[in-house]
Amino acid sequence: MRPVTMFYAVGVTTGHTYTREISRNKYGNLQYGSWGYKVTWKKHKASGNGCDGVEIGPGTATLPTKATGWKYWGTKS
């Protein structure tokens, strides 16, 4: 299986504003960026009769995207 390389650069400008209520006794975490799209796949090897197959390699990847945005999550500490 050959590796696949993908690259995409995204420029981000300053001056963005994000407002959100932070829950009591929690810390608010905020990150701005480009998150991409997660994809999964499975590679199969066909058997002699072509009807049955054996899984020989699953995988996942995050594909680049031009879209940017905010990612927020709350934590206890």
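Just above sits the structure.
Residues numbered from 1 in each chain as written. Predicted model: local features only at pLDDT ≥ 70, side-chain atom pairs only at ≥ 80, totals over all residues. Heavy atoms only, no water.

Side note on the environment of Lys45
Defined as follows: Secondary structure elements follow DSSP: runs of H or I no shorter than four residues count as helices, runs of E no shorter than two count as strands, and numbering proceeds from the N terminus. The contact rule is simple, with two residues in contact once any of their heavy atoms fall within 4.5 Å.
Looking at the element boundaries, Lys45 is found in strand β2 (residues 37-46). In this structure, the C-alpha to C-alpha distance between Lys45 and Ile56, residues eleven residues apart in sequence, is 6.5 Å. Filtering out sequence-adjacent residues up to four positions away, Lys45 remains in contact with Asp52, Gly53, Val54 and Ile56.

Overview of the pattern of salt bridges
Any two side chains of opposite charge can pair, given that their charged atoms come close. To be explicit about the condition: Within this document, salt bridges are pairs made up of a side-chain nitrogen of Lys or Arg and a carboxyl oxygen of Asp or Glu, the two lying within 4 Å of each other. Any residue under 20% of the maximum accessible area for its type is buried, any over 50% is exposed, and the rest in between are partly exposed; the area is computed with a 1.4 Å probe on protein chains only.
Taken as a whole and assessed by the stated rule, the structure comprises one salt bridge. In this structure, Glu55 and Lys42 form a salt bridge, with 3.8 Å as the shortest nitrogen-oxygen distance. In this pair, Glu55 sits in strand β3 (residues 53-63) while Lys42 sits in strand β2, placing the two residues 13 residues apart along the sequence. Residue Glu55 is classed as partly exposed on the basis of its relative accessible area, which comes to 39%. Judged by relative accessible area, Lys42 falls into the exposed class, the value being 55%.

Section: the environment of Pro64
Tracing the chain through its elements places Pro64 in the loop between β3 and β4 (69-75). Looking at Pro64, the relative accessible area reads 39%, which means it is partly exposed. For the pair Pro64 and Tyr37, spaced 27 residues apart in sequence, the C-alpha separation works out to 6.7 Å.

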